[in-house]
Every structure is written in C-alpha cells, then in structure tokens.
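Coordinate inspection notes
What follows is the residue order along each chain.
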Amino acid sequence: MDTSFTPEDLAFRDEVRAFLKEAYDAELQARLASGEPQVYKQAVIDWQKRLHAKGWIAPNWPVEYGGTGWDATRQFIYDSERAAFGVRDVVPFGLKMVGPVLYTFGTQAQKERFLPAILASDEWWCQGYSEPGSGSDLASLKTRAVLDRDEYVVTGAKIWTTYAQFADWIFCLVRTSNEGKKQEGISFLLIDMKSPGVKVNPIVSIDNHHSLNEVEFNDVRVPVANRIGEQDKGWTYAKALLAHERTSIAGVADTKRNLGLVRDYAAREINGGRSLLSDPMFQARLSDIDIELMALEFTELRVLAAVASGGAPGAESSLLKIKGTELQQAVQSLAMEVAAYYQGVLPNELGAQKLGHEFGSKARQSYMYGRAATIYGGSNEVQKNIIAKAVLGL
Amino acid sequence: MNFEFSEEQIMLRDSVARFIQDNYAFDVRQDIAASEQGISRDNWKTFAELGWLSIPFAEEHGGFGGGAVDVMLVMEQLGKGLVLEPYLATVLLFGGLLRKGGSAELQGEYIPRIIEGNCLGAFAYLERQSRYELADVLTTASPSAGGYRLNGEKVVVFNGANADQVIVSARTSGGQNDEDGISLFLLPATAPGLEKLPYRMMDGQLVANLVFRDVEVPAANLVGELDQGFALMQAVVMEANMALAAEALGIMEQLNAKTLEYTKTRKQFGVAIGHFQALQHRMVDTFMAYEQTKSLLYRAVCALTDEKEDAATAVHALKVMVDRAGKLVFSEAIQLHGGMGLTDELDIGHFAKRLMMINTTFGNGDYHQSQFSALRYNTGAAL
C-alpha cells in the first residue's frame, strides 16, 4: 500500500499548476462568469480547446483514441489541481459520456466521424435519457424509433436535457421494440439537433437559470448509420456509460475546494465579535463534512487504482455517486448558513452598491440547483437499489 | 499509487485469519472471557510462535520491523474474532512506549521478553478525573534516594490484572493539566506498595485499578526524558488509535456480513426479510459506512507510514468516523436481527459492546472531532 508521490509525480503537479496559471487566465474567467449564454458557451469551448491543444482534454480515454495515458496518481493530481484552481471540469456529455460509448461500441466510421470533434470541442453534445414519463425507471422509456428503409423515424420527448439549447448532437435511448423485457427493446441513437422535427423547449429551474430543457422529436429521420451497436441492445451500452457518469458525478475534488471556500468565508464572517469559523457549533458542522470528504477522497482513489489496474467502475461507482452528491449538498447547505441574510439576495439586484456579499446569491443558486445532484444520474434511492442487488446480493 | 498488500503482508493477514477461524469460535471466546484470567496463555504462546508479538519491533531486538500496515492487518483480524488476549496493551502500548522512548537497557531487557511471549505489559494512564485528557495527571513521582517515589491511582488499566510490567504516567513537575512535567516509569506489577483491583468490562476484558502508595522506582526505569513524557504518550496513542480503528473495521465487517446473511434466511410475511427495500437501504447505509471507514483507515495508515505532517489530523478524523459508523453498524445489526439481536447468546451484542469500548478508548468521537477542528481550522492551513 503506497499513496506517496514520486519526484516525477511532483514534477507533473508543478506542470499542471503552471499550465492552469497560464491558460486559465483572467480574461477567460471573466467570460466564463458571464450571464450571457452565448458568451459563456464560447468561453467553455475556448477553454476546452486550450486543454485539447495541451493534450489533456480526455484523461479518462485510452491513449489510442486521444487519452493522456495517465495512471491513477496523475489523474488524481490533475483533478485535485484543476479543482483547487477553481477550474470547472469539462462539459461531460461528449467527453465523459458518449465518447467512451463510441470508442467502446462504435464502428470505425462512427469513431472517425465523431471522436475528433468531441476532442476538439467542435460539436456540443447533450444527453437524451430521461423522459416526461421515465425518470428513475429509465427502461420504461417510450420515445419510439421505427425503421423506414435506411432511416429511423423518431417520435417522442426527452426531458431535463442540460444545455440542449447549445447542442449540435444528442445521444438518445429510443424504443425499437415492445417485445420481451423492457430493457431489451431499446436502441442507442445519435441524432443531429438540426434535423427537421427537433424542438427544444426551455425549462427554468429553481436557481432562476435556464440550463434544462425538454426536447421534442416529431417524425425526426435518423440514418441507421447513427445507431450504436445492434438494434434493441442499447441498454447494454447505456449501462456502461452510466457507471462512468456516476463516477464523475461524485465531484470529490470540486467539493473539497468548495468546502475550503466556505471555511474561508466563515473565517471572515464576524458574529458577536468572533469569527463564525471559531464557533464550536459551526466547527462541528464543518468537520462532519470535512471528515466524510477525507474518507471519500480515498474511496475515489481506491476506485481509480482498481480501474487503472484493469478493473471497470462497477457498483462502487454507485457508492461514489451517493456519498459524493450528499456531500455536495451538505457543503451547499453550510454555505447558505454562512451567507445568512444575503442568501436571499437576487443576482444583479445590488448593482453597484456592493455589500461584499456576492457570495450570498451564488450560494443560493448552487444550493437550489444542487438539489438536482441526488436526482440525476439515477436518483440516490435507485443507487441504493443497485448496491443492494449487485454488491449485497439481495 | 496502489492499495495492494505485499506477499508478506498477505501471509501475515491470512495466518491471523486462519488462527481465528480454527481457534476462536464465539463459544470458545466466551469461555476464555469467563475464565479467571480472562485470556488464554496458550493462545499468547501461539501468538509468540507465529511471530505476531514481534511485528512493530526493530530487527536488532529480534523484531519483524513491521509498520502501520502490518499492525492494521493484524488488528483487523483480531477484531473479527473479538480476541481477548492483550495485543494492544502489551505490544502496542507498553511495547510502543518502550520502542519509541525506552533506554537501550530497558529495550534490551523487555522487548525480547515481549516477543517471546514472556512479558505481559500494561500502560497505566487514566485517572478518575482525567476522562480523555492524557495530560491530566495527578499521580506524582517525587525524587527519592534510589530514584522516584510514586503516589496516586490509575483506573481502567487495560490488561492491568495480568500485566507483569507496567508503564505509568506520573507528574514530576507542573500543574494538573500541564503537558510539561509528565514522566513515564516502568515498574513490575509486584512492586511493594502497588495494589491491584481487577474488574471486568462490558467487552469481556479484565482491567484493573492500580493504587500507588510510596512505590519506589529506580531512576534507570524512566521511559523517555524526565518531564517530557507527554509527546511520547501522544505518539504511541496516535498509533494505538489507528490500531483500534482497524480492530473496529474488522468488527464492522463481521456485523455487516452476519446481518446480511440473516436477512437472506429469516422469513416474514412469506419472504426473506432482505427482500424489503426499507431493510435493503439500511444495509446499503451500513455497507457505505464500512467502506468510508476503511478509506479513512487507509488514509491514516498511509499518513503514519510516510510520517506526514497531517497524520494526527487523519487519525482524529478516523476515530470520529469509527465512532459514528460503528454506532450505525451495530445499531442496525441489532435492529435487523430483531429480538434475537437483544440476546446475550448471540454474538451480535458482544461485537456491539467491543465497538462501544473502542469508541470510548483514548477519546470518543466528539473529543476527536474537537481535536480535529482545532488542528484544522485554527491554523489557516489548506484543507
């Protein structure tokens, strides 16, 4: 058992730090903070292109497809440094979700068509899994795809589709058969968002933002060549993807940074002449989270090390998802306590009269949208069912 | 980075596991607990023959030269068997103080005897008023003609009833709660003026209160520097807390496995109760608590092995986790076993009581959480 860093690891860490310092510059950060959707989108793309140019856009991909070939230690170092520097992780839909499905199950032609554009962030992807009638019971999905010569005709609707308004492509689970078990008649399609019959309806969430959407498909024609793998076998491919998704949802490094920010704010908040951070009640709540997070960081390392030595993320990714999202919410909740009255301030209301509490409305937005984390990627209750079945054999 | 064990470590772990499997069935364990000494001398000889008593000691003393990982592996298995023999008290506490602070003469005399299984030891640190504060010491050691004269009382001394030799903390200067001014002395349990009052604890272990009335100790039996015993105690207790956490992890694994097995066989309403989602989710919670505890144990062990600055923080965190996770695991184990969980006949309650005893040893969860917070939030260091 050994978790110490070698001199080469430490040199790598310095390289990551130097790169982030130079590439994640103030001008880019200002654009990323923009409330203007197209400015934000372009800033995300620009950042990801810088990562691509450096060769670091896809640490979780195999080297032959453009991955970094980093071992578990380097993946951990990169992710820790990225988060500590306040850099958001890449948009997951292309790089962390459909990309691995493509290189694992796609045809040579599909790989050549889609992977380079995902790596270069030239095409923005979104995920078509949930439906108005199918949430945690994903396999009950009803969006239909009927074969008409060399095209599928797709009819139905997907929902909670993050950034569909930005997307060039959507990967979808669609029903191609009603025979047998409900998991057996599902196929995995890649659909061009510019296809006639695709309509995106915005959904404003309780953080007052528009990132969610409903996507309608009205007789959308999709070439058979855009199907991944075999017809009716899509569930198998989707399940492989879900394990990757859950592992990356855990967000341990980012939660660690956010907890550090909450601590720093608490050190500056004065209540009755003493800093909030020195209040024993506050320390108890902070340390409750801190200790669970120290443990989860090593749980993630254990999973990373297992995957690096040839394993695949399995049911333990469900544990990471449950604990990771619980801790994200716990940090958001604590941030709200630190923000006090200012958690209620709406963004842009204060205008020029800075109260010194931009923190408040940001904390609330994270807190409100953060409720999604225990719901998406398979609700935490569904994750518990998965562990009960796959690990405990119940 | 890897979380794998060496071949040697796997052999060590498996040898302890095999011993527990072959020689430490629950009814055998209960017979040992009920015996006069509350431990088996034959088992202790076996521990010596198998080399387990030599693990943390240097090769020059006939030791195995093992580290935190080796200690963790042994303690985890001992926990699974609810082993009563005084490994913690003799090898890790008494032996640990000698190893880290003893003079060459004391080490040369006692370490080989520990390794051979011919010396049971104890560390007498706790006093009636001291709760979890190692520095709260009223027992005094005043200079005398041949060395020092001890007066005072120590309570709940682990292995205090059976120990041949005892290391005791005593105040040589300063006030009741000062870290400076505490010294450690090694003396035989048969020293004139030393009275032993043995009694049993809820987890089956036989402990003792030790009363010192003008007990003479030669100056050569000072362990560590005069007045500087606190740091030495702290270092040994930090390692002991890691070892206790490993023991707790072994117990939690047993409780979870036994509970899971029970819910697969116990039928109510015509089905195995493990079929019910309300119970499944509770068992997932205890499974996650176990995994999180294991992760933190690994973190602490790595920090101790690499002598990292934050080792103390990691061990405090670990002891908090052991307290919280341990309570969850044993409470659910009792609940899911239903009425049977309340019986003395079943082992579940005995695992629970050992976990409760571990939680209170060297500070409960709240105590360690406040120590953790002081180290981590009052210094401005990065998380």
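Small disclaimer: the values here were computed from a predicted structure and weren't measured.

1. A word on the overall build of chain A
Broken down by element type, chain A carries twelve helices and ten strands. The C-alpha radius of gyration of chain A comes to 22 Å, within 12% of the 21 Å expected for a compact globule of 394 residues. Each principal axis of the C-alpha distribution contributes one length, and for chain A these read about 75 × 50 × 50 Å. Residue burial in chain A is summarised as follows: out of 394 residues, 42% are buried. Long-range contacts, defined here as pairs at least 24 residues apart, represent 70% of the contacts in chain A between residues at least 6 apart.

2. Quick word on the overall build of chain B
Each helix and strand in chain B was counted, giving eleven helices and ten strands. For 383 residues, the compact-globule estimate of 2.2 N^0.38 gives 21 Å, and the C-alpha radius of gyration of chain B, at 21 Å, lies within 12% of that figure. Seen through its principal axes, chain B has C-alpha atoms that stretch 80 × 50 × 40 Å. Scored against the burial criterion, the 383 residues of chain B give a buried share of 51%. Of the contacts made within chain B by residues no fewer than 6 positions apart, 75% connect residues no fewer than 24 positions apart.

3. Side note on the packing of helix α7 (residues 229-265) of chain B against helix α8 (residues 277-305) of chain B
Residues and elements named next belong to chain B. α8 packs onto α7 with a crossing angle of 160° between their chain directions and a minimal axis gap of 10 Å. Here α7 is positioned roughly antiparallel relative to α8, judged by the angle of their axes. As for the relative orientation of α7 and α8, their crossing is left-handed in sense. Residues Glu-239, Met-242, Ala-245, Ala-246, Leu-249, Met-252, Glu-253, Asn-256, Thr-259, Leu-260 and Thr-263 of α7 form the contact with α8, whose participating residues are Leu-279, Met-283, Thr-286, Phe-287, Tyr-290, Thr-293, Lys-294, Leu-297, Ala-300, Val-301 and Leu-304. For the contact of α7 with α8, a count of residues per class yields 14 nonpolar, five polar and three charged.

4. Thoughts on the environment of A:Gln108
Residue and element names in this part refer to chain A. For Gln-108, the location among the structural elements is in helix α6 (residues 108-119). Gln-108 sits in the exposed class, given 7 other C-beta atoms within 10 Å. Residues Gln-108 and Val-154, spaced 46 residues apart in sequence, show a C-alpha to C-alpha distance of 25 Å.

5. Overview of the nonpolar core
All names here are of chain B. Ranked by size, the top nonpolar core spans 168 residues in total, and within it Phe-185, Met-242 and Leu-318 carry the most contacts. In terms of residues, this core owes the most to one element, α7, which gives 19 residues. Not counting chain neighbours up to four residues away, the residues in contact with Phe-185 comprise Ala-141, Tyr-148, Leu-150, Ile-167, Val-168, Ala-170, Val-217, Asn-221, Leu-222 and Val-223.

6. Thoughts on the interface of chain A and chain B
Residue-level contacts link 35 residues of chain A with 33 residues of chain B. Those elements that provide at least two residues to the side of chain A that touches chain B are α4 (72-84), α8 (252-268), α9 (280-308), α10 (316-339) and α12 (380-390) of chain A. Element by element, the count of residues in the side of chain A that touches chain B is highest for α9(A), at 15 residues. Of the residues in the side of chain A that touches chain B, the class split is 20 nonpolar, seven polar and eight charged.

7. A closer look at the domain arrangement of chain B
All names here are of chain B. In terms of domains, chain B is made up of domain 1 (7-119), domain 2 (122-227) and domain 3 (231-377). For domain 1 versus domain 3, the separation of C-alpha centres amounts to 22 Å. Taken together, the contact between domain 1 and domain 3 spans 20 residues of the former and 23 residues of the latter. The element contributing the most residues to the side of domain 1 that touches domain 3 is helix α4 (residues 68-80), with ten residues. Tallied by class, the residues present in the side of domain 1 that touches domain 3 amount to twelve nonpolar, five polar and three charged.

Basis of the calculations
- Residues numbered from 1 in each chain as written.
- Chains lettered and ligands numbered in written order.
- Predicted model: local features only at pLDDT ≥ 70, side-chain atom pairs only at ≥ 80, totals over all residues.
- Helix = DSSP H or I, 4+ residues; strand = E, 2+ residues; numbered from the N terminus.
- Rg over C-alpha atoms; globule rule 2.2 N^0.38 Å.
- Buried ≥ 20, exposed ≤ 12 C-beta atoms within 10 Å, placed from the backbone.
- Contact = placed C-beta atoms within 7 Å.
- Axes fitted to C-alpha atoms, helices over the stretch in contact; angles between N-to-C directions.
- Parallel < 35°, antiparallel > 145°, perpendicular 65-115°, else oblique.
- Left-handed = near helix turned anticlockwise from the far one by under 90°.
- Nonpolar A, V, L, I, M, F, W, Y, C, P; charged D, E, K, R; others polar.
- Core = buried A, V, L, I, M, F, W, Y, C linked by C-beta atoms within 7 Å.
- Domains from an automatic or database assignment.

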